[in-house]
Amino acid sequence: MTGPRPATEIIQQIRELIHGQRLKADDRLPPERDLAEQFGVSRNSVRQALRSLEEQGLLAIRKGATGGAFIQGGGAVAVPTLMSDLFSLGAIRPQDLTEVRVLIGVEVVRLACGRCTEEDIDRLEDNVDAAEEAVKTGDLERRTRLNLEFHKMLARMSGNSLLMAITDGVVTITKQFVDRIGRTPTSYVMPFRRRLLKLLRARDADGAAAEMRRHLLQQQKLYLKAAANLEASGPH
């Protein structure tokens, strides 16, 4: 066989092993030489297949004596990568993104409120403290990174692995979107987070969900207005 077919077939066979649960998270694949012999292909074809699976988020390639190709736990990298590609291609529109932010964000905080520990909330408060400090010092890059991490932390507090993966994807394309439209007013963000922290500590799931909904709807208006203004100004 020549061309890309051998690599494609290797990818398909490895996927079938994962789907059949014969390969599980953190399992190590055999060395390239053994895989080439097993599949009856060249080592170059194996290398191409492994590289492709790594790009898709299904494998982690580690260097060194204890390295190799490992099945990525949950394939968490794949969701943000796919969503980022779709957003870049225009398949995910600004209104799609902002609607999903509201839908996902509200339910994430509702679950987080009932499932998180006091230590989880303490770590979330540390994030808010650090973001406020970044605002004071004018470190916009750090502030943005902390603000996006805030939503990932809430998702982890929900205890739902699928919501974590989806939130990672939404956060990834939110950053792309904000980079594209430019910064929007943020003076309301830190007061919102302080209110949310109080509601989480009080275990007021309905109140926390309502607070998150108000916040994300406010951001939705600002984001869509900025996107419309950018579109109206034409290509740059």
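Bear in mind the structure is a predicted one, so any value in this text is a computation, not a measurement.

## Some thoughts on the overall build of the protein chain
Right, on to step 1. Secondary structure assignment for the protein chain yields 10 helices and 2 strands.
Right, on to step 2. Judged by the C-alpha coordinates and their principal axes, the protein chain covers about 60 × 50 × 30 Å.
Right, on to step 3. Every one of the 236 residues in the protein chain was classed for burial, and the buried ones make up 40%.
Right, on to step 4. Pairs at least 24 apart in sequence give 71% of the contacts found in the protein chain among residues at least 6 apart.
Right, on to step 5. Total accessible area computed for the protein chain in this model is approximately 13300 Å², and 53% of it derives from carbon and sulfur atoms.
Right, on to step 6. Computed over 35 positive and 31 negative side-chain charges, the separation of the two mean positions in the protein chain equals 2 Å.

## Some remarks on the confidence of the model for the protein chain
Right, on to step 1. On average, the protein chain scores 89 in pLDDT, and the residues at 70 or more come to 94%.
Right, on to step 2. When pLDDT is averaged over each helix and strand of the protein chain, the minimum, 84, is found for helix α1 (residues 5-19) and the maximum, 97, for helix α5 (residues 94-115).

## A closer look at the packing of helix α8 (residues 161-181) against helix α10 (residues 205-232)
Right, on to step 1. As a packed pair, α8 and α10 sit with axes 10 Å apart at the nearest point and diverge in direction by 50°. Here α10 runs oblique to α8, going by the angle between their axes. α10 is crossed by α8, and the crossing has left-handed handedness. Facing Thr 174, Phe 177, Val 178, Arg 180 and Ile 181 of α8, the residues of α10 in contact are Tyr 223, Ala 226, Ala 227 and Leu 230.
Right, on to step 2. Tallied by class, the residues present in the contact of α8 with α10 amount to 7 nonpolar, 1 polar and 1 charged.

## A few points about the pairing of strand β1 (residues 59-62)
Remark: a regular strand shows side chains that alternate across the two faces of the sheet.
Right, on to step 1. Pairing analysis gives 4 bridges linking β1 to strand β2 (residues 68-71), with the strands arranged antiparallel. Opposite Ala 60, over in β2, you have Phe 70 as the bridge partner.
Right, on to step 2. Between the end of β1 and the start of β2, which pair antiparallel, lie 5 residues, with Gly 64 showing a positive phi angle near 95°.

## So, empty space enclosed by the protein
Right, on to step 1. With the rule as written, the count across this model stands at 2 cavities of 30 Å³ or more.
Right, on to step 2. For the largest cavity, the lining is made up of 18 residues, of which Asn 147, Val 178, Thr 186, Gln 219 and Tyr 223 are closest to its centre.
Right, on to step 3. Secondary-structure elements contributing two or more residues to the lining of the largest cavity are α7 (140-158), α8, α9 (189-201) and α10.
Right, on to step 4. Counting residues per element, the lining of the largest cavity draws most heavily on α7, which supplies 5 residues.
Right, on to step 5. Across the lining of the largest cavity, the residue classes break down as 5 nonpolar, 8 polar and 5 charged.

## Notes on the packing of aromatic side chains
Right, on to step 1. By the definition in use, this model includes 2 aromatic pairs.
Right, on to step 2. With a centroid separation of 6.3 Å and an interplanar angle of 85°, the aromatic rings of Phe 87 and Phe 177 are classed as edge-to-face. Taken together, the residues Phe 87 in helix α4 (residues 78-89) and Phe 177 in helix α8 connect sequence positions 90 residues apart.
Right, on to step 3. In this structure Phe 87 comes out as buried when scored by relative accessible area, which is 1%.
Right, on to step 4. Classification of Phe 177 by relative accessible area gives buried; the value is 1%.
Right, on to step 5. Through pairs of rings, three or more aromatic residues link up here, namely Phe 87, Phe 177 and Tyr 223.
Right, on to step 6. A cation over an aromatic ring shows up here: Arg 62 above the ring of Phe 70, its NZ or CZ 4.0 Å from the ring centre.

## Observations concerning the nonpolar core
Right, on to step 1. Membership of the largest hydrophobic core comes to 30 residues, with the highest contact counts inside it found for Val 109, Leu 124, Leu 154, Met 157, Leu 196, Leu 200 and Met 212.
Right, on to step 2. Every element with two or more residues in this core is listed here: α5, α6 (118-137), α7, α9 and α10.
Right, on to step 3. The biggest single contributor to this core is α5, with 7 residues.
Right, on to step 4. Residues within four places of Leu 200 in sequence aside, it is in contact with Val 109, Cys 113, Ile 121, Leu 124, Leu 154 and Met 157.

## Overview of the pattern of salt bridges
Right, on to step 1. Throughout the structure, instances matching the rule amount to 17 salt bridges.
Right, on to step 2. Arg 156 is the partner of Glu 149 in a salt bridge, and the nearest nitrogen-oxygen pair spans 2.7 Å.
Right, on to step 3. Note that Glu 211 and Arg 214 form a salt bridge whose closest N and O atoms lie 2.8 Å from each other. Separated by 3 residues within a single helix, Glu 211 and Arg 214 lie in helix α10, roughly one turn from each other.
Right, on to step 4. We classify Glu 211 as buried; its relative accessible area is 7%.

Thresholds applied
Residues numbered from 1 in each chain as written. Predicted model: local features only at pLDDT ≥ 70, side-chain atom pairs only at ≥ 80, totals over all residues. Heavy atoms only, no water. Helix = DSSP H or I, 4+ residues; strand = E, 2+ residues; numbered from the N terminus. Buried < 20%, exposed > 50% of the residue type's maximum accessible area, 1.4 Å probe, protein only. Contact = heavy atoms within 4.5 Å. Areas by Shrake-Rupley, 256 points an atom, 1.4 Å probe, with all protein chains shown as cover. Lys, Arg positive; Asp, Glu negative; His and termini not counted. Charge placed at Lys NZ, Arg CZ, Asp CG, Glu CD. pLDDT = per-residue confidence, 0-100. Axes fitted to C-alpha atoms, helices over the stretch in contact; angles between N-to-C directions. Parallel < 35°, antiparallel > 145°, perpendicular 65-115°, else oblique. Left-handed = near helix turned anticlockwise from the far one by under 90°. Nonpolar A, V, L, I, M, F, W, Y, C, P; charged D, E, K, R; others polar. Pairing = 2+ DSSP bridges. 1 Å grid on protein atoms, 1.4 Å probe; cavity = no way out; pocket = protein on both sides within 12 Å on 5 of 7 lines; lining within 4 Å. Points joined across faces, edges and corners; volume = space filled by probe spheres on them. Phe/Tyr/Trp six-rings, centres within 6.5 Å; stacked < 30°, edge-to-face > 60°. Lys NZ or Arg CZ within 6 Å of the ring centre and 35° of its normal. Core = buried A, V, L, I, M, F, W, Y, C linked by side-chain atoms within 4.5 Å. Salt bridge = Lys/Arg side-chain N within 4 Å of Asp/Glu carboxyl O.

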